[in-house]
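# Structural characterization, general
Next come the chains, spelled out residue by residue.
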Amino acid sequence: MALIPQSASMRGHLAMLIFSAIVAGSFSFGSMIANKIDPVAMNAVRFMIAGTAIGLLAAMGPGLKRAYFAAPWRFVLLGAMFALYFVFMFEGLKTAPPVSTAAVFTLTPVMSGLFGWVLLRQRTTGRMWVALTLGAIGALWVIFRADIGALLAFDIGRGEAIYFVGCVSHAAFTPLLAKLSRGEPALVFNFGVMAAMVLMLTAYGAPAIAETDWAAFTVKDWSILIYIALFASALTFLLLRYSSHQLPSAKVMAYTYLVPTWVICWEMILGNGLPQPMMLIGIGLTVAALYLLLKDEEAARPLRPAHP
């Protein structure tokens, strides 16, 4: 076990490093099946699998006590917002490259900071805003594919635009999660949100689920779906929860900016090549934002990132 760091903080960093790599994989792998299945049907099945795993862990841990599910409207609201994010993510992946959608994802901390101020009056230091702005500029550079003309004309791709709407929902979800929590165990609360998501997605997407030719799914397709459900959903939640107890929120949030870099690595591994060289400038800016956010921060406790 020599590869596991002895320091609790280093274990937290290792967990977030794994977290960001797994989240990045959901963009690359998700794009491979995005055009094969309706996004509502896919996410309904995905969260049936992930919700079952989280529910079993919650039952074996703190228990699924009735008192934990008071005011069920909270789970419905949060579940609807998170469902919107994931459906729009996979709708966007039908046409947008994985690297571009990952760059859109890095805009979430900036929007979360704004929603956090509005909903929770949560303050962020000047240096933190510099880091978030730097990351946002890098993200926009990638989103507009390093084309100044497209940036000035705000010529954004359809897939990126769709996913951005989902990211707005994701950004609002994060502070609302803190605002609506009543001290329930994290596993139980997460299960409640996932259960609400499954009910809504199943009800709304029943025709799409019934029309999907599940028998035509290949082993590769099912493997990707299992990866997205168990790794990119259930496991990343556990990694995020562990790291949040070992690291300041600012350092946890910082790993959001590493996702586009990991997506490039996944794309190389999958044989999809590299993005155009000029786009790497934007990736470099997001890595610079990561460095600034990883520096010690005492005055601010920004919002933690949520995951796809």
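Residues numbered from 1 in each chain as written. Predicted model: local features only at pLDDT ≥ 70, side-chain atom pairs only at ≥ 80, totals over all residues. Heavy atoms only, no water.

## A word on the overall build of the chain
The number of helices and strands found in the chain is 14 helices and zero strands. Reading the chain from its N terminus to its C terminus gives the helix and strand order α-α-α-α-α-α-α-α-α-α-α-α-α-α. Relative to the 2.2 N^0.38 estimate, which gives 19 Å for 308 residues, the radius of gyration of the chain is 19 Å and therefore close to what a compact globule would have. For the chain, the spread of C-alpha atoms along the three principal axes comes to 50 × 45 × 45 Å. A buried classification covers 53% of the 308 residues belonging to the chain. (Helix = DSSP H or I, 4+ residues; strand = E, 2+ residues; numbered from the N terminus. Rg over C-alpha atoms; globule rule 2.2 N^0.38 Å. Buried < 20%, exposed > 50% of the residue type's maximum accessible area, 1.4 Å probe, protein only.)

## Things to note about helix α13 (residues 259-269)
Within the sequence span of α13, burial applies to Val 259, Pro 260, Val 263, Ile 264 and Glu 267. Axial view of α13: buried residues confined to an arc of 145°, hence all on one face. Elements in contact with the buried residues of α13: α1 (8-33), α4 (98-105) and α14 (279-294). Among the residues trailing α13, Gly 271 stands out with phi positive, at a value near 80°. (Arc of directions from axis to C-beta. Contact = heavy atoms within 4.5 Å.)

## Points about the packing of α4 against helix α6 (residues 126-143)
The packing of two helices is summarised by the inter-axis angle and the distance between the axes. The geometry of α4 relative to α6 is characterised by a closest axis approach of 8 Å and an angle of 155° between their N-to-C directions. Here α4 is positioned roughly antiparallel relative to α6, judged by the angle of their axes. For the crossing formed where α4 meets α6, the hand is left-handed. In this structure, α4 contributes Val 99, Ser 100, Ala 103 and Val 104 to the contact, and α6 contributes Ala 139, Val 142 and Ile 143. When the residues that make up the contact of α4 with α6 are grouped by side-chain class, the tally is six nonpolar, one polar and no charged. (Axes fitted to C-alpha atoms, helices over the stretch in contact; angles between N-to-C directions. Parallel < 35°, antiparallel > 145°, perpendicular 65-115°, else oblique. Left-handed = near helix turned anticlockwise from the far one by under 90°. Nonpolar A, V, L, I, M, F, W, Y, C, P; charged D, E, K, R; others polar.)

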